[in-house]
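Spelled out from the first residue to the last, the chains are:
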Amino acid sequence: EIGAGCSIDSSRLEKSHVGNGVRIGPFAQLRPNCDIADNVKIGNFVEVKNSTVGEKTSFAHLTYIGDSDFGSHINVGCGVVTVNYNGRGKFRTVVEDDAFIGCNSNLVAPVRVQKGAYIAAATTVTTDIPPDALAVGRVKQTIYPGRAVNYRKK
């Protein structure tokens with residue numbers, strides 16, 4: 001089902017519900033069992049599977065959202081992945097309203113990002129994030145001057 005006023009550009013949609021005013025693509029895929037609310041943006045090279053998405057949430061590009069429940073007014077950066085499978089079973093990710101998920105972040109299910117929480121870019125989330133909290137989970141950058149020469153010689 002596709003609502004009124006949607007824009008779908010070079011994308012594949014299967015057994016899902018899409019609300020009004022949704023923008024999809026180019027080159028996006030909605031796999032079965034998705035429920036997409038009004039005015040959502042699913043950009044280029046985004047895949048959504050077995051998930052719900054609240055209104056005015058944006059997945060701009062290069063993102064995988066599987067077995068997840070995303071609330072409303074959430075911005076999801078480039079390269080975000082919901083890690084829903086551990087080799088034995090699939091688990092759900094929940095992201096509540098007004099959250100922000102920075103680029104290149106992984107949400108390792110089962111995990112909950114509560115209302116208004118911010119996830120810094122390049123963070124791997126493995127535990128629940130409280131409301132309005134900032135989660136930063138990257139390793140501090142270390143620079144070793146001249147070491148690249150050794151790698152090129154090999």
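Residues numbered from 1 in each chain as written. Predicted model: local features only at pLDDT ≥ 70, side-chain atom pairs only at ≥ 80, totals over all residues. Heavy atoms only, no water.

What follows deals with the pairing of strand 7 (residues 41-49). The pairing of strand 4 (residues 23-24) with strand 7 spans 2 bridges and is classified as parallel. What sits directly across from Arg 23, in strand 7, is Lys 41. Where strand 5 (residues 29-30) lies against strand 7, 2 bridges are found, and the strand directions are parallel. By the bridge assignment for strand 7, Gln 29 is matched with Glu 47. The pairing of strand 7 with strand 9 (residues 58-66) spans 7 bridges and is parallel. What sits directly across from Val 48, in strand 9, is Ile 65. (Pairing = 2+ DSSP bridges. Helix = DSSP H or I, 4+ residues; strand = E, 2+ residues; numbered from the N terminus.)

With that settled, the discussion passes to unusual backbone geometry. With omega at 5°, the peptide bond leading from Gly 25 into Pro 26 counts as cis. Here Pro 26 shows up in the loop between strand 4 and strand 5. Cis rather than trans, the peptide bond between Ala 109 and Pro 110 has omega equal to 0°. Following the sequence through the fold, Pro 110 ends up in the loop between strand 15 (106-108) and strand 16 (111-113). The phi dihedral of His 73 falls on the positive side, at around 55°, and the residue is not glycine. When you line up the elements, His 73 lands in the loop between strand 10 (68-70) and strand 11 (75-76). Backbone geometry at Ala 122 places phi at a positive 65°, although glycine is not the residue there. Considering the arrangement of structural elements, one finds Ala 122 in the loop between strand 17 (118-119) and strand 18 (124-125).

A full pass over the atoms with the stated rule returns 3 aromatic pairs. Ring geometry for Phe 27 against Phe 45: centres 5.4 Å apart, planes inclined by 20°, an arrangement best described as stacked. On the criterion of sequence distance, the pair formed by Phe 27 in the loop between strand 4 and strand 5 and Phe 45 in strand 7 is long-range, its members being 18 residues apart. Between Phe 59 and Phe 70, the aromatic rings sit 5.2 Å apart at their centres with planes inclined by 80°, giving edge-to-face as the arrangement. Placement of the pair is Phe 59 in strand 9 and Phe 70 in strand 10, with a sequence separation of 11 residues. (Phe/Tyr/Trp six-rings, centres within 6.5 Å; stacked < 30°, edge-to-face > 60°.)

Going through the model one piece at a time under the given rule, you end up with 0 disulfides. Take Cys 6: it sits in no disulfide, and the sulfur closest to it among the cysteines is that of Cys 34, at 14 Å. Left unpaired, Cys 103 is separated from the closest cysteine sulfur, that of Cys 78, by 5.5 Å. A relative accessible area of 38% places Cys 103 in the partly exposed class. (Disulfide = S-S within 2.5 Å. Buried < 20%, exposed > 50% of the residue type's maximum accessible area, 1.4 Å probe, protein only.)

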